[in-house]
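Residues per chain, in single letters:
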Amino acid sequence: MSALFEPMTLRSLTVPNRVWMSPMCMYSAEASGPRAGVPTDFHLQHLASRAAGGVGLVMVEATAVRPDGRITPWDLGLWNEAQQQAFTRITAAIAEHGAVPAIQLGHAGRKASTDRPWRGGGGVPEAEGGWSAVAPSAEAFGDLPAPQELGVEEIRDLVQDFAAAARRALAAGFRVVEIHGAHGYLIHSFLSPVANRRTDAYGGPFDHRARFALEIVDAVRAVWPEELPVFFRVSATDWVQEAGGAEAWTGEDTVRLAAALQEHGVDLLDTSTGGMAPRVRIPVGPGYQVPFAEAVRASTGLPTGAVGLITDPAQAEAVVSGGRADAVLLGRELLRDPYWAHRAAAALDAPARVPVQYEYAL
């Protein structure tokens, strides 16, 4: 039996296999008006097709917990009832094909109010529908405008925004909620000393920088059913110290954070890297982020997901069967091949979960 196609149970939820769809922003919602942030027919077919393609879990892209938390004006949101209602047909379609519907909740922080990547990705001026970004400190990311430093009451409001979005996610039919603490966005920018220059209870030593993340986990866990899992995505390293740079977030910090997250009710660490500092050198190659997932799993026992240039069925099988991670999350590879899981099952001589309408092809 292929380890990649064994079910995985977290709390009372069983995911049918270990091939999962990673959250990937599509920048395809309306940017303004009553339908801002609402998933469209594009999102329905995009996500449901991967469920039909045999993945065990489909993770919806980074979904903003408030309007000014969007990476771009064209991002998805879950701050109102119209968005919640529109997601219900997506979760139903994912579940109909036997996959678990999951959603990543986030806030872009100092990397908010930017343009679509295919239009350059620079800052969007307020006169063109943009807004002022917020962050733990007034430290700009690259050439983007400097953000406004958050006050303590604003931080507390943001914690509740995550909880409110989690409630809506549950009502919309999601079975897993993931908190986005990676890639230089708001939670990550609190964690990393590269972006967090505060001297109050949310800055300085590790425990202070981790406070915001843990408060969000506690608030989400308080409204999320005990029987359903909560994930957390982390950038396991900023890749700054590895290049001889200044103090930054490291793999050792991630192991320490993982232990705390586990104590606060997180069930799986979705382990990515980078995004905090521009123009750092990252040793990109097949499975280059897997060692970080492996280190967390070995040190804490917390289940992990591995992501990043996992493209080959044998490679994915080796990651899971070798105990380096509990699941693999595929991103670009599923954009290239929505039915990758079916192909992997055939290559690994494992049973495939194929829609009956597609059985002519077997």
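Cut-offs used in this document
Residues numbered from 1 in each chain as written. Predicted model: local features only at pLDDT ≥ 70, side-chain atom pairs only at ≥ 80, totals over all residues. Heavy atoms only, no water. Helix = DSSP H or I, 4+ residues; strand = E, 2+ residues; numbered from the N terminus. Buried < 20%, exposed > 50% of the residue type's maximum accessible area, 1.4 Å probe, protein only. Contact = heavy atoms within 4.5 Å. Areas by Shrake-Rupley, 256 points an atom, 1.4 Å probe, with all protein chains shown as cover. Lys, Arg positive; Asp, Glu negative; His and termini not counted. Charge placed at Lys NZ, Arg CZ, Asp CG, Glu CD. Pairing = 2+ DSSP bridges. Axes fitted to C-alpha atoms, helices over the stretch in contact; angles between N-to-C directions. Salt bridge = Lys/Arg side-chain N within 4 Å of Asp/Glu carboxyl O. Phe/Tyr/Trp six-rings, centres within 6.5 Å; stacked < 30°, edge-to-face > 60°. Core = buried A, V, L, I, M, F, W, Y, C linked by side-chain atoms within 4.5 Å. Right-handed = clockwise from strand over helix to strand, strands pointing away. Polar contact = N/O pair within 3.5 Å; in protein donor to acceptor, adjacent residues only side chain to side chain. Expected span 1.5 Å × (residues − 1). Parallel < 35°, antiparallel > 145°, perpendicular 65-115°, else oblique. Left-handed = near helix turned anticlockwise from the far one by under 90°. Nonpolar A, V, L, I, M, F, W, Y, C, P; charged D, E, K, R; others polar.

Trainee: Quick one: what's the story with the overall build of the chain, residue by residue and with numbers?
Mentor: Helix and strand counts for the chain come out as eleven helices and twelve strands. For the chain, with 362 residues in total, the buried portion stands at 60%. The contacts in the chain between residues at least 6 apart in sequence include a share of 71% that link residues at least 24 apart. When the accessible surface of the chain is split by element, carbon and sulfur atoms take 50% of a total near 14,000 Å². With 30 positive and 41 negative side-chain charges, the chain shows a separation of 2 Å between the mean positions of the two kinds.

Trainee: Describe in detail the sheet that holds strand 8 (residues 176-181), supporting the description with residues and values.
Mentor: Note on sheets: strands pair through backbone hydrogen bonds, and any given pair is parallel or antiparallel. Spatially, 3-4-5-8-9-10-11-12 is the arrangement adopted by the eight strands of the closed barrel, whose pairing is parallel. In this sheet, neighbouring strand axes are inclined to one another by 25° on average, regardless of whether the strands run parallel or antiparallel. Of the strand pairs in this sheet, strand 10 (residues 268-272) and strand 11 (residues 304-307) are connected by three bridges, and their pairing is parallel. Paired with Asp-270 across the two strands is Gly-305, which belongs to strand 11. Its contacts with the sheet put helix 2 (residues 81-96) on strand 4 (57-64) and strand 5 (100-106), and the angle it makes with strand 5 is roughly 140°. The sheet contacts of helix 7 (residues 251-263) involve strand 9 (230-235) and strand 10, and relative to strand 9 the element is tilted by about 165°.

Trainee: Let's hear about the pattern of salt bridges: which residues, and what values?
Mentor: Counting across every chain of the model gives 18 salt bridges. Put simply, Asp-161 and Arg-66 hold a salt bridge, and the shortest N to O gap is 2.9 Å. Of this pair, Asp-161 sits in helix 3 (residues 152-171) while Arg-66 is found in the loop between strand 4 and helix 2, placing the two residues 95 residues apart along the sequence. Where Arg-119 meets Asp-115, a salt bridge forms, and the shortest distance between an N and an O atom there is 3.1 Å. The network of salt bridges with common partners includes Arg-11, Arg-221, Glu-226 and Asp-267.

Trainee: Please provide a residue-by-residue account of the packing of aromatic side chains, values included.
Mentor: Applying the stated rule across the entire model yields eight aromatic pairs. Taken together, a centroid distance of 5.6 Å and an interplanar angle of 85° make the contact between Trp-239 and Phe-292 edge-to-face. Taken together, the residues Trp-239 in the loop between strand 9 and helix 7 and Phe-292 in helix 8 (residues 290-300) connect sequence positions 53 residues apart. Across the pair, exposure class does not vary: Trp-239 and Phe-292 are buried alike.

Trainee: Please provide a residue-by-residue account of the nonpolar core, values included.
Mentor: Residues Phe-212 and Phe-232 are the most contacted members of the largest nonpolar core, which totals 95 residues. Those residues in contact with Phe-212 that lie beyond four places of it in its chain are Ile-155, Leu-158, Val-159, Leu-186, Ile-187, Phe-190 and Tyr-202.

Trainee: Mind laying out the pairing of strand 11, listing which residues take part and the relevant values?
Mentor: Remember that side chains alternate between the two faces of the sheet whenever the strand is regular. With burial as the criterion, each face of strand 11 is covered, one bearing Thr-304 and Ala-306 and the other bearing Gly-305 and Val-307. In the classification by handedness, the crossover that spans strand 10, the intervening helix 8 and the parallel strand 11 is right-handed. Sheet analysis places strand 11 next to strand 12 (residues 327-330), joined by three bridges and oriented parallel. Of the residues in strand 12, the one forming a bridge with Ala-306 is Val-328. Handedness of the β-α-β unit built from strand 11, helix 9 (residues 313-321) and strand 12 comes out right-handed.

Trainee: Now, about the environment of Glu-178: what can you tell me, with residues and values included?
Mentor: Looking at where Glu-178 falls in the secondary structure, it is placed in strand 8. In this structure, Glu-178 is in contact with Pro-23, Met-59, Ile-103, Gln-104, Leu-105, Phe-231, Phe-232, Arg-233 and Asp-270, ignoring residues within four places of it in sequence. Here Gln-104 takes part through its side chain, which lies 2.8 Å from a polar atom of the side chain of Glu-178.

Trainee: So what's going on with helix 2? Which residues, and what values?
Mentor: For helix 2, spanning 16 residues, the distance from its first C-alpha to its last is 23 Å, which sits close to the expected 22 Å at 1.5 Å a residue. Those residues of helix 2 that fall on the buried side of the exposure criterion are Gln-83, Gln-84, Ala-86, Phe-87, Ile-90, Thr-91, Ala-93 and Ile-94. Where helix 2 is buried, its residues touch helix 1 (41-52), strand 4, strand 5 and helix 3. N-capping of helix 2 is provided by Asn-80, with a side-chain oxygen placed 3.2 Å from the backbone N of Ala-82. Positive backbone phi, at 85°, marks Gly-98, one or two positions downstream of helix 2.

Trainee: Please provide a residue-by-residue account of helix 3, values included.
Mentor: Helix length check: helix 3 (20 residues) gives 29 Å between terminal C-alpha atoms against 28 Å at 1.5 Å per residue, within 8%. Listed as buried for helix 3 are Ile-155, Leu-158, Val-159, Phe-162, Ala-163, Ala-165, Ala-166, Arg-168 and Ala-169. On its buried face, helix 3 is in contact with helix 2, strand 5, strand 8, helix 4 (186-191) and helix 6 (211-223). In the stretch just after helix 3, Gly-173 is the one whose phi turns positive, near 105°.

Trainee: Give me the packing of helix 7 against helix 8: which residues, what numbers.
Mentor: Two elements in contact, helix 7 and helix 8, have axes separated by 9 Å at closest approach and are oriented at 50°. One way to sum up the angle between helix 7 and helix 8 is to call them oblique. Where helix 7 crosses over helix 8, the handedness of that crossing is right-handed. Where helix 7 abuts helix 8, its residues Gly-251, Thr-254, Val-255, Ala-258, Ala-259 and Gln-262 lie against Phe-292, Ala-295, Val-296, Ser-299 and Thr-300. In the contact of helix 7 with helix 8, the residues fall into six nonpolar, five polar and no charged.

Trainee: Can you lay out the environment of Ala-138 for me, pointing to particular residues and giving the numbers?
Mentor: By the element assignment, Ala-138 lies in the loop between strand 6 (134-135) and strand 7 (148-149). Given a relative accessible area of 47%, Ala-138 falls into the partly exposed group. Along the chain, Ala-138 and Asp-200 lie 62 residues apart, while their C-alpha atoms are 14 Å from each other. Apart from the residues lying within four places of it in its own chain, the contact partners of Ala-138 are Ala-146, Pro-147 and Glu-149.

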